[in-house]
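Chain and residue survey
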Amino acid sequence: QLSQKSDLRARRILTRSTFATKAQTVKKTLQAGAAAGKESFSALQEERREQAERSVLISCPPNINQKKFLDYISKHGHIQNHFFYQSYGIYAVVEYATKDSITALKANCSIPSVQHEAAVPFKSRLLSLKWTGQGSQSNASNTLKLQKHLPIPVNELTQHLCKQESIDQQLQCLTDLYQLTEENISLRFLVCSLLRDIAAAYFPECIIRPFGSTVNSFGKLGCDLDMFLDLDGISGQNQRKGSGLSLEYQVKQGTSERTVTQSVLSVIGECVDQFGPGCVGVQKILNARCPLVRFAHQPSGFQCDLTANNRVAMKSSELLFVYGKLDARVRHLVFAVRCWARVHGITSSIPGAWITNFSLTVLVLFFLQRRTQPLLPTLDQLRDLADPSDQCVIEGNECTIVSDLSKIKLQKNTDTLEKLLQEFFEFYGNFAFSSTSINIRKGKEQNKPESTPLHIQNPFETGLNISKNVNTTQLERFVALCRESAWLLEQKEVLKRSAGQSADVIPPWGLAALLLPSVAQSAGVKGRRKKKHHPASERIKSLLESLKSSSGGAGAKQSAV
Ligand code: GTP
Ligand code: MG
């Protein structure tokens, strides 16, 4: 057991040192990457993290004048970037050129004296700008450009989709409307950085890194903010050779990595709850497979999940990012399938037996690997192309993937998005889920190692199934919807845009038609019994009729998703 432990530790150190070397070469990589028009995942994340450390988040009075605001804030240093957005009031994100400016700005801030209550005197980078009563309060607030941080409702989305000229354009339009903006990503990194300031009270060298859809390039506006507390940088070796002596810290010991993670998260969660300005509804979910602290960050409007010791999830995010970068069609298809699944209740924000967005994304990647001309390489191919500096083993799991994307030679696949979408639905409408496992490492179907309804091998922890939670009902709903959508995409009424009553009112077609409430789904479980009496063609006929009659009112019954 002991040797196993030291082996594990050695592997962790290997990963850590890889990361440290990476951090040192970030600048170089960034320059080279920027010149080549592409940046490696870790370099991009480091750049954003560093920007966030030079940034502050300021709540502004409602009638703030942009020029006056910037004049005042720039007294403390050169502003590199800034933007405004509305959450509970107007907020500004200000990125200074250097960190010193923040020290100067903070020197000018005071702890408010609150009436009837008492303030926790924690000096964070979340600030409030107040009028002092001197000078004029200009009312030029209407000149403020406010960034949007939430997706448009589905009925508005379908109207946009209907106006496009082709299904390919519809998928591109969906991505444009839903994807995270640069500003939204900056705000996410800033929230991580603000939380780091709290955790740094105990662990000064810690980093809080975002992972999941914030960084994997498949994030939709409004998605949660997954973060992990990275303490690995603290545990570097500092052995002086030759003296025969070495000093080490005395530390408390837990019975396992898990118990240490739980106690660290418990304390940080408590600090976030007691001292974190804007952090509300803090829940410590420490007994989950992956212990976490969940809370809402009110100034940004983000639902946050803070985990620790979660480097494999970060690697999965990098993997998805790499796949998203290889071909623009990957992101368009993933956004379309995720949106379609959400509208039809295949995915849900409530934890349960539903398919998750992560699993859905892996389903799309696998489908793209299985094309006659594969659009994407397998994970084993990405590993084989890796440089020695890309080597990464996390907790005994082989997690190496190539970071230099120019080494990846893609096959010439020229499928349109329309074709890919249609064949995605056909592929999974007829997939042998009962006997077969989905495996993006090999890019091939494998025999199922266990009897869960849906088996998608975890790309890095290959003994695990990422869709273990999915029950038969949910899988059947997914398959039924895939079949229905594949059928719809063969109908000429659905494939072509028809003239509406006016230019603004076009009957739903293409992707917009797929987002209409489904006959199979609205019938629910009862409907599955009914299906026996109603052949598929009849169900589809009624769906088509509803399509034809609903000109322009697309998705009127659908709520915002
Ligand atoms: P959203 O639904 O937009 O939040 O997508 P997401 O990709 O951020 O998914 P989620 O918040 O559920 O999970 C965050 C990350 O954790 C994912 O991107 C994966 O890297 C990882 N993850 C999620 N579910 C699993 C799982 O079942 N197994 C493993 N190993 N990792 C998971
Ligand atoms: Mg997430």
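The following paragraphs examine the structure supplied in this document. (Residues numbered from 1 in each chain as written. Chains lettered and ligands numbered in written order. Predicted model: local features only at pLDDT ≥ 70, side-chain atom pairs only at ≥ 80, totals over all residues. Heavy atoms only, no water.)

**Remarks on the overall build of the protein**
When helices and strands are tallied, the protein shows 19 helices and 14 strands. Roughly 28,200 Å² of accessible area belongs to the protein as shown, and the carbon and sulfur atoms make up 51% of that amount. (Helix = DSSP H or I, 4+ residues; strand = E, 2+ residues; numbered from the N terminus. Areas by Shrake-Rupley, 256 points an atom, 1.4 Å probe, with all protein chains shown as cover.)

**Brief notes about the packing of aromatic side chains**
One pass over the full model with this rule turns up 21 aromatic pairs. Aromatic pair Phe424 and Tyr428: ring centres 5.1 Å apart, planes at 65 degrees, arrangement edge-to-face. In this pair, Phe424 and Tyr428 both sit in helix 14 (residues 417-429), four residues apart, roughly one turn of the helix. Accessibility assignment for this pair places Phe424 and Tyr428 in one class, buried. Each ring, one from Phe431 and one from Phe433, has its centre 4.8 Å from the other, and the planes form 55 degrees; the classification is tilted. Classification of Phe433 by relative accessible area gives buried; the value is 5%. Within the aromatic cluster, the residues linked to one another by ring pairs are Trp340, Phe366, Phe367, Phe424, Phe425, Phe427, Tyr428, Phe431, Phe433 and Phe478. Between Arg188 and the ring centre of Phe302, over which it is positioned, the NZ or CZ distance is 4.4 Å. Geometry around Tyr178 places Lys220 over its ring, the cationic atom sitting 4.7 Å from the centre. (Phe/Tyr/Trp six-rings, centres within 6.5 Å; stacked < 30°, edge-to-face > 60°. Buried < 20%, exposed > 50% of the residue type's maximum accessible area, 1.4 Å probe, protein only. Lys NZ or Arg CZ within 6 Å of the ring centre and 35° of its normal.)

**Overview of the sheet that holds strand 7 (residues 225-230)**
Sheets are built from strands that pair by backbone hydrogen bonding, the pairs being arranged parallel or antiparallel. Spatially, 6-7-10-9-8 is the arrangement adopted by the five strands of the open sheet, whose pairing is mixed. Lying at the two open borders of the sheet, with one neighbouring strand each, are strand 6 (207-211) and strand 8 (279-285). Between one strand axis and the next, the sheet turns through 25 degrees on average, direction left out of account. Here strand 8 runs beside strand 9 (residues 292-297); their pairing, made up of five bridges, is antiparallel. The residue of strand 9 that forms the bridge with Ile285 is Leu292. (Pairing = 2+ DSSP bridges. Axes fitted to C-alpha atoms, helices over the stretch in contact; angles between N-to-C directions.)

**Quick look at helix 3 (residues 41-53)**
In a regular helix each residue adds 1.5 Å, so 13 residues correspond to 18 Å; helix 3 covers 19 Å between its end C-alpha atoms and thus fits that length. In terms of residue burial, helix 3 counts as a mostly covered element, since 10 of its 13 residues are buried. Listed as buried for helix 3 are Phe41, Ser42, Ala43, Leu44, Gln45, Glu46, Arg48, Arg49, Ala52 and Glu53. (Expected span 1.5 Å × (residues − 1).)

**Looking at the pattern of salt bridges**
Summed over the entire model, instances satisfying the criterion amount to 25 salt bridges. Between Arg54 and Glu95 there is a salt bridge; the shortest N-O distance is 2.9 Å. Pair noted here: Arg54 is in the loop between helix 3 and strand 1 (55-60) and Glu95 is in strand 3 (residues 89-96), with a separation of 41 residues, a long-range link. Accessibility assignment for this pair places Arg54 and Glu95 in one class, buried. For Glu165, the salt bridge is made with Arg497, and the minimal N-O distance between the two is 3.7 Å. Of the two residues, Glu165 is situated in the loop between helix 6 (154-162) and helix 7 (167-178) and Arg497 in the loop between helix 16 (492-495) and helix 17 (510-514); the sequence distance between them amounts to 332 residues. Sharing partners across several salt bridges, the network here consists of Glu46, Arg49, Glu53, Lys99, Arg209, Asp230, Asp232 and Arg311. (Salt bridge = Lys/Arg side-chain N within 4 Å of Asp/Glu carboxyl O.)

**Details of helix 7**
End to end, helix 7 covers 17 Å across 12 residues, agreeing with the expected 16 Å (1.5 Å per residue, within 8%). For helix 7, the complete set of buried residues consists of Ile167, Asp168, Gln170, Leu171, Cys173, Leu174, Thr175 and Tyr178. Here the buried face of helix 7 lies against helix 6, helix 11 (328-343), helix 14, helix 16 and helix 17. (Contact = heavy atoms within 4.5 Å.)

**Remarks on the site of ligand 1**
Neighbouring residues of ligand 1: 16 residues in total, closest Ser213, Asp224, Asp226, Asn357 and Asn458. Within the side chain of Asp224, a nitrogen or oxygen atom sits 2.8 Å from an oxygen atom of ligand 1. Here Asn458 contributes a side-chain N or O atom positioned 2.7 Å from a nitrogen atom of ligand 1. Relative to its free-state accessible area of 600 Å², ligand 1 is covered by the protein chains to the extent of 77%. Taken together, the residues that form the shell around ligand 1 break down as five nonpolar, six polar and five charged. (Near = heavy atom within 4 Å. Polar contact = N/O pair within 3.5 Å; in protein donor to acceptor, adjacent residues only side chain to side chain. Nonpolar A, V, L, I, M, F, W, Y, C, P; charged D, E, K, R; others polar.)

**What to know about unusual backbone geometry**
With a phi close to 55 degrees, Asn309 is a non-glycine residue in the positive phi region. Relative to the helices and strands, Asn309 is located in the loop between strand 10 (302-308) and helix 10 (311-326). Owing to a relative accessible area of 28%, Asn309 belongs among the partly exposed residues under this scheme.

**Regarding the pairing of strand 1**
Counting buried residues in strand 1 gives six out of six residues, a clear majority hidden from the surface. Across three bridges, the pairing between strand 1 and strand 4 (residues 126-128) is parallel. When the sheet's bridge partners are listed, Ser59 is paired in strand 4 with Ser128.

**Points about the sheet that holds strand 2 (residues 79-87)**
Pairing is mixed in the open sheet, where five strands are placed in the order 4-1-3-2-5. The open sheet has two edge strands, strand 4 and strand 5 (146-147), and neither has a second partner. The pairing of strand 2 with strand 5 spans two bridges and is parallel. Along strand 5, the bridge assignment pairs Tyr85 with Gln147.

**Observations concerning the environment of Ile73**
With respect to the helices and strands, the residue Ile73 is situated in helix 4 (residues 66-73). Taking C-alpha positions, Ile73 is 8.5 Å from Val94, a pair spaced 21 residues apart along the chain. Once you skip the residues sitting within four places of it in the chain, Ile73 turns out to touch Ile58, Ile79, Val94, Tyr96 and Leu105.

**Digging into the nonpolar core**
Counting 81 residues, the largest nonpolar core has Trp340, Leu421, Tyr428 and Phe478 as the members making the most contacts within it. Here this core gets 10 residues from one element, more than from any other, and that element is helix 11. Once residues lying within four places of it in the same chain are set aside, the contact partners of Trp340 are Phe425, Phe478, Leu481, Cys482, Ser485, Leu514 and Leu515. With 32 residues, the next largest nonpolar core counts Leu57, Ala199, Cys206 and Met227 among its residues. (Core = buried A, V, L, I, M, F, W, Y, C linked by side-chain atoms within 4.5 Å.)

**Brief notes about the pairing of strand 7**
By the criterion of burial, strand 7 is predominantly enclosed, with six of the six residues buried. Of the two faces of strand 7, the one holding Leu225, Met227 and Leu229 and the one holding Asp226, Phe228 and Asp230 are both buried throughout. One ladder, built from five bridges, connects strand 6 with strand 7; its direction is antiparallel. Bridged to Ile208 within strand 7 is Leu229. Here five bridges tie strand 7 to strand 10, and the two strands are oriented parallel to one another. Bridging from a neighbouring strand, Asp226 pairs with Asp305 of strand 10.

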